[in-house]
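Here is how the chains run, residue by residue.
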Amino acid sequence: NKSQLLQQDREHLLHPFTDFHDLGKQGTRVITNADGAYITDIDGHRMLDGMSGLWCCNLGYSRTEIADAIYEQLKTLPFYNSFFQCTTIPSIELADALSEVTPEGMNNVFFTGSGSEANDTNLRIIRRYWDLKEQPNKRIVISRTNAYHGSTIGGASLGGMSGMHKQFQALDYITHIQQPYWFGEGGDMSPEEFGVQAARSLDEKIQELGPDNVAAFIAEPIQGAGGVIIPPETYWPEVKKVLAKYDILLVMDEVIFGFGRTGEWFGSDYYGLKPDLMTFAKAVTNGYFPLGGTMVSDRVAEVIKAKGGEFTHGYTYSAHPAACMAGLATLNVLRNDKIIDNVRETTGPYLAKRWAELGDHPIVGEARSLGMVGALELVKDKGSRARFDDKCTAGGVCRDMSIKNGLVMRATGDTMIIAPPLIITTEQVDELVEKAHRALDDTAKALA
Ligand code: PLP
């Protein structure tokens, strides 16, 4: 029964990114089943899942074709590795299919079990590439403040969340520049001016470190977990100019924005970027099976392949055959059902229109969205953008009010974020916006 389960949960389960002390006070939500774009908890409370699980169930929860593909593979060849000159048919077919859908010139994939492992893999590939190019000074990787790139030591070092950095010793060859967060950090500048300034901070950092010492720059197209920080339109064109000046690799972390979230296959396509390495995970299998990886451009792969010598890196579950079958089934649904076209042409623009209406709410300082992501900045005073307090109480209250109203929204500080399944209909967008509106009303009342 529920109380026994919760007791066992408290006693035995150490949850990721959770304050164990608060867990005891608040209790945990036990999610028992899901269908379409909805999840249901142990009390029978059904909620529109505005977060696609953890940004991964882009096709929702009722894709039996993906489950069937996994099960069929588990019956035929449940496991074999891709080490030491071995391979499996699903891994070859998925590598080929990914080369088709990823940006031009990205025709090589290294599979991992997660996004964090994929970013660690990037660090290994970056170093190998520059060593083979006989430029061993190129060691430093530049990332951004408030970024999230995973929880392994490599991934967390690339991440720029100060709370995380307090709890481990970060790798010393990774450094951070500012994020393009206009609402929070733009001051009196216009978004366009701020975008250029944030991009130029990359140039300044490269100059400071010396271009010959800088190996790579890593970024998400839009900071996801950092608060759905959609950069001003001037940001990426200016970053492109900066990178073109120096011989520095561009690593795009597409763990959240890959596979259709912007209305294009990848965020890199949306912003017209040509990455050297590209991290993916999550939605590649619709969250049905753990799988991640990094797409490696021909420019980088040619060096690694041509020079010979073993690349001493890999995971037992790199290219797990059932994971690869899940990936193939997911890509088939994305293609056959024209899911991404629908986001670009219909549901994305509709969400943009309806979500913007929430910007009129008295406690919302900004409502922004793009494709199938959105954010609301909660403020006490719209003019000055003053927050309710410095403990981000409003975000936590709004998240709870949202769940009460039957909608999963996530709070990143006092920024509410959504990333609903790409399959939601315009009627479900209406439902989402109406529930979010009620959650905002309840939050305003609770904080008054
Ligand atoms: N990179 C980004 C942008 C992410 O959002 C995440 C996870 O949320 C990761 C990397 C890490 O992926 P994983 O949790 O699969 O290790």
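Just so you know, these numbers come straight off a predicted model, no measurement behind them. (Residues numbered from 1 in each chain as written. Predicted model: local features only at pLDDT ≥ 70, side-chain atom pairs only at ≥ 80, totals over all residues.)

Enquirer: I tried to follow the sheet that holds strand β6 (residues 174-177) on my own but got confused; where do I start?
Expert: Pairing between sheet strands relies on hydrogen bonds along the backbone, with the strands arranged either parallel or antiparallel. On the basis of which strands lie adjacent, the open sheet formed by seven strands has the order β4-β10-β9-β8-β7-β5-β6 and mixed pairing. If you trace the sheet from one side to the other, it starts and ends with β4 (106-112) and β6, each paired once. Direction aside, the axes of adjacent strands within the sheet are offset by 25° on average. (Pairing = 2+ DSSP bridges. Helix = DSSP H or I, 4+ residues; strand = E, 2+ residues; numbered from the N terminus. Axes fitted to C-alpha atoms, helices over the stretch in contact; angles between N-to-C directions.)

Enquirer: Just to check I follow, could you spell out the pairing of strand β8 (residues 249-253) for this structure?
Expert: The side chains of a regular strand alternate between both faces of the sheet. The buried fraction of β8 is high, at five of five residues. Pairing of strand β7 (residues 214-219) with β8 involves four bridges; the strand directions are parallel. Pairing of Ala216 across the sheet is with Leu249, part of β8. For the handedness criterion, the β-α-β arrangement of β7, helix α11 (residues 235-245) and β8 is classed as right-handed. (Buried ≥ 20, exposed ≤ 12 C-beta atoms within 10 Å, placed from the backbone. Right-handed = clockwise from strand over helix to strand, strands pointing away.)

Enquirer: Looking at this structure, I do not really get the site of the ligand. What am I missing?
Expert: The full set close to the ligand counts 16 residues, and Ser114, Gly115, Ser116, Gly150 and Val255 are the nearest of them. A total of three residues in the shell around the ligand trace back to one element, the largest contributor, which is helix α6 (residues 115-132). Among the residues making up the shell around the ligand, the classes are represented as five nonpolar, nine polar and two charged. (Near = placed C-beta within 6 Å. Nonpolar A, V, L, I, M, F, W, Y, C, P; charged D, E, K, R; others polar.)

Enquirer: Sorry if this is basic, but what is going on with the sheet that holds strand β11 (residues 364-370) here?
Expert: Spatially, four strands are ordered β11-β12-β14-β13 in an open sheet, and the strand pairing comes out antiparallel. Strands at the two margins of the open sheet, each flanked by one partner only, are β11 and β13 (410-412). Geometrically, the sheet is characterised by an average inter-axis angle of 20° between neighbouring strands, direction not taken into account. Strand direction decides the pairing type here: β11 and strand β12 (residues 373-378), joined by six bridges, are antiparallel. Directly across from Glu366, in β12, lies its bridge partner Glu377. Where helix α15 (residues 339-357) meets the sheet, its contacts fall on β11 and β12, and the angle it forms with β11 comes to roughly 175°. Contacts from helix α16 (residues 393-404) reach β12, β13 and β14 (415-418) within the one sheet, and its direction differs from that of β13 by about 175°. (Contact = placed C-beta atoms within 7 Å.)

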